[in-house]
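Examination of the molecular architecture
What follows is the residue order along each chain.
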Amino acid sequence: MSSDVPKAALIVDKSFVIAEVDKRIYGSFIEHLGRAVYGGIYEPGHASADERGFRNDVKSLVEVLDVPIIRYPGGNFVSGYNWEDGVGPVEQRPKRLELAWRTIELNEVGTNEFMDWAREVGSEVMMAVNLGTRGVDAARNLLEYCNHPGGTYWSDLRRKHGYEKPHKIKTWCLGNEMDGPWQIGQKTAAEYGRLAYETAKAMRLVDPDIELVSCGSSSSAMQTFPEWEAVSLEHTYDVADYVSLHQYYGNRDNDSANFLARTMDLEHFIHTVTSTCDYIKAKKRSKKTMYLSVDEWNVWYHSNDSDAKLEPWTIGPPQLEDIYNFEDALLVGGMLITFLKHADRVKMACLAQLVNVIAPIMTEKGGVSWKQTIFYPYLHASKYGRGVSLQPIVKSPKYDAQDYTDVPYLDSAIVYNEEAEELTIFAINRHLEDELDLTCDIRGFEGYSLTEHIVLHHDDLKAVNSAAGERVLPRRAKGTEYRDGFVTTRLQKASWNVIRLRKS
């Protein structure tokens, strides 16, 4: 290795366990927003559509990602949604003004149709209930409709609709972003806490086996954060299993070094919420640990200007259709690494969203589907990031950005799958100008050999993929070596890397 190239090092040992990785950190999100449903997963008349109108080409891409859980049906949409509009004979369902995104909701796709689709792509569903315009009664009725076997009004209505067996939905969100002034039915922390507690209490009486997500602040930038968490959890701590975090990042100033450092902000966000949860735990003298559900996260800023020009009250308009570039893929990879580094508390995370709306998968109406740049780090983490997250000892040169100091050029996470006898090193070189020589000490993994080194890199940070072709594609890196318990490699500047090893 050259003496003038910056150097970084990792020491990895299977004894340094952070936690088992909950596969649901690779979840996603589909909201009745823009072309996520209508024109995304669902397009009757498309050449690939099945008999119910769902696009098989989209299903195939979702299956490739192996998405373990999908949040539905919102999002801001859920705070004005009457779930009864989306069940029963489709021809009898009402069209509604959808106030969150100012569109027309057809209600052609509802609870049962989405459950069918989710099963086909191999995903569980994280169902959200409306605590904006509705509350306890609607939530308990929806749960009865979905989960009760039969012999009651709502469960028998499901059976009448053609679903003899219950859906058995395990995970439920108690509302969405209820501190946001944009939210229909915005609440104070105390108002939300009381309503969420009573809703949770009723829902657990219907089905004691469900798990519940208490609504956290809409983002770490909210003036209500983290007081919202502290006050609302005073009410919901004993009945909820998770608290939600939502976080989006952008690069509006075109400062790539600062943009790629935003995972430092995510780290601080997670630490603050964790500390707030533990404060309430101590205050209540509780033995229960509250876990985190980052059930909305992504890069989101490219589409803001075009969204402001859309006409209201249309059906499936092209809302929030960010076209992601290569540096966005690097940040998405960095956010996934951050979740792995906090696997002891972050148990669920939902990339928002899955199709067309700030999404890894895009479609053309009547045409092809294609993969955005962010598809690939999401795919690699979901595919190879199953097992236990290990705590490496890291040595890396650092830099200062506009908003952050001491930012390591090397950002990494380690996952060990004992059952498959596989070790995966996820690594990002955040240096925009220099390569980075990396040495990984894995002497504790005797008998392992190098399987592959995948790299995602492009010389142009602004390079994008499109329906016409993919400029940003992963490839196999050359020059990576494994000898006497050490992996040595050179990470390209501004690159996402997946180094895989397996016991011989």
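Quick summary incoming for the structure in this document. Only a predicted model underlies this, so the values are computations on that prediction, with no experimental measurement involved. (Residues numbered from 1 in each chain as written. Predicted model: local features only at pLDDT ≥ 70, side-chain atom pairs only at ≥ 80, totals over all residues. Heavy atoms only, no water.)

**Overview of the layout of surface pockets**
Roughly 370 Å³ of volume is contained in the largest pocket. E177, S218, S219, Y248 and W300 are, among the 23 residues lining the largest pocket, the residues nearest its centre. Here the element with the most residues in the lining of the largest pocket is strand β10 (residues 242–249); it accounts for four residues. Residue lining of the second largest pocket: 16 residues in total, with K341, V394, P408, L410 and D411 positioned closest to the centre. (1 Å grid on protein atoms, 1.4 Å probe; cavity = no way out; pocket = protein on both sides within 12 Å on 5 of 7 lines; lining within 4 Å. Points joined across faces, edges and corners; volume = space filled by probe spheres on them. Helix = DSSP H or I, 4+ residues; strand = E, 2+ residues; numbered from the N terminus.)

**Observations concerning the packing of aromatic side chains**
The final tally for this structure, using the stated rule, is 17 aromatic pairs. Here the aromatic rings of F114 and W117 are separated by 5.6 Å at their centres, their planes lie at 35°, and the arrangement is tilted. Pair noted here: F114 and W117 are both in helix α2 (residues 111–120), with a separation of three residues, about one helical turn. Classification of F114 as buried rests on a relative accessible area of 0%. Relative to Y376, the ring of F375 has its centre 5.5 Å away and its plane inclined at 70°; by these criteria the two rings are edge-to-face. A relative accessible area of 0% means that F375 is categorised as buried. Each residue in the set W83, Y145, Y153 and W154 is aromatic and connected to the rest through ring pairs, giving one cluster. When the ring centre of F29 is taken as reference, the NZ or CZ atom of R71 above it lies at 4.7 Å. Above the ring of Y237, the side-chain terminus of K288 is found at 5.3 Å from the ring centroid. (Phe/Tyr/Trp six-rings, centres within 6.5 Å; stacked < 30°, edge-to-face > 60°. Buried < 20%, exposed > 50% of the residue type's maximum accessible area, 1.4 Å probe, protein only. Lys NZ or Arg CZ within 6 Å of the ring centre and 35° of its normal.)

**So, the sheet that holds strand β2 (residues 17–20)**
Hydrogen bonds along the backbone pair up the strands of a sheet, which may run parallel or antiparallel. The sheet built from seven strands is open, its strands ordered β2-β15-β19-β20-β28-β22-β25 with antiparallel pairing. Single-partner strands in this sheet number two, and they are β2 and β25 (474–476). Looking at each pair of strands side by side, their axes are set apart by 25° on average, direction ignored. Here strand β19 (residues 410–417) pairs with strand β20 (residues 422–429) via eight bridges, running antiparallel. (Pairing = 2+ DSSP bridges. Axes fitted to C-alpha atoms, helices over the stretch in contact; angles between N-to-C directions.)

**Looking at a nonpolar patch on the surface**
A surface patch of nonpolar side chains, amounting to about 260 Å² of accessible area, comprises I11, F16 and I393. Of note, F16 is situated in the loop between β1 (7–11) and β2. F16 gets classed as partly exposed once you look at its relative accessible area, which sits at 38%. (Patch = residues over 30% accessible without salt bridge, like charges linked within 9 Å, V, L, I, M, F, W, Y side chains within 5 Å. Areas by Shrake-Rupley, 256 points an atom, 1.4 Å probe, with all protein chains shown as cover. Salt bridge = Lys/Arg side-chain N within 4 Å of Asp/Glu carboxyl O.)

**Some thoughts on helix α1 (residues 56–65)**
Along α1, the residues classified as buried are D57, V58, K59, L61, V62 and L65. Its buried side turned inward, α1 meets α2, β13 (361–363), β14 (369–371) and α11 (375–384). (Contact = heavy atoms within 4.5 Å.)

**Thoughts on the environment of F339**
Here F339 shows up in helix α10 (residues 326–341). F339 sits 314 residues away from I25 along the chain, and the two C-alpha atoms are 7.4 Å apart. Excluding residues that lie within four positions of it along the chain, F339 makes contacts with I25, L266, I270, V294, W297, V346 and A349.

**Observations concerning the nonpolar core**
If you look at the biggest cluster of nonpolar residues, it comprises 161 residues, and the most contacted ones within it are I41, W117, W172, F339 and L423. Of all the elements, α10 adds the most residues to this core, at 10 residues. In contact with W172, not counting residues within four places along its chain, are M127, V129, L142, L143, C146, N147, M203, I210, E211, L212 and V213. (Core = buried A, V, L, I, M, F, W, Y, C linked by side-chain atoms within 4.5 Å.)

**Quick look at the environment of L65**
Inspection of the secondary structure puts L65 in helix α1. L65 gets classed as buried once you look at its relative accessible area, which sits at 1%. A C-alpha to C-alpha distance of 30 Å links L65 and I11, two positions 54 residues apart in sequence. Residues contacting L65, with those up to four places away along its chain left out, are L354, P360, I361, F375, Y378, L379 and S382.

**Observations regarding empty space enclosed by the protein**
A complete count under the given rule lists four cavities of 30 Å³ or more for this structure. Of the pockets and cavities examined, the largest cavity occupies roughly 90 Å³. Looking at the largest cavity, it is lined by 13 residues, and the ones nearest its centre are W83, A128, V129, N130 and L142. At the level of elements, β7 (124–129) and α3 (136–147) are the ones that each hand at least two residues to the lining of the largest cavity. Here the lining of the largest cavity is composed, by residue class, of 10 nonpolar, three polar and no charged. (Nonpolar A, V, L, I, M, F, W, Y, C, P; charged D, E, K, R; others polar.)

**Quick look at the pattern of salt bridges**
According to the stated counting rule, one finds 39 salt bridges in the structure shown. Linking R96 and D85 is a salt bridge whose minimum nitrogen-to-oxygen distance equals 2.8 Å. In this pair, R96 sits in strand β5 (residues 96–98) while D85 sits in the loop between β4 (69–72) and β5, placing the two residues 11 residues apart along the sequence. You can call D85 buried: its relative accessible area is 10%. R476 is paired through a salt bridge with E452; the nearest N and O atoms lie 3.2 Å apart. On the criterion of sequence distance, the pair formed by R476 in strand β25 and E452 in strand β22 (residues 448–456) is long-range, its members being 24 residues apart.

What is shown is where atoms sit, not what they do.
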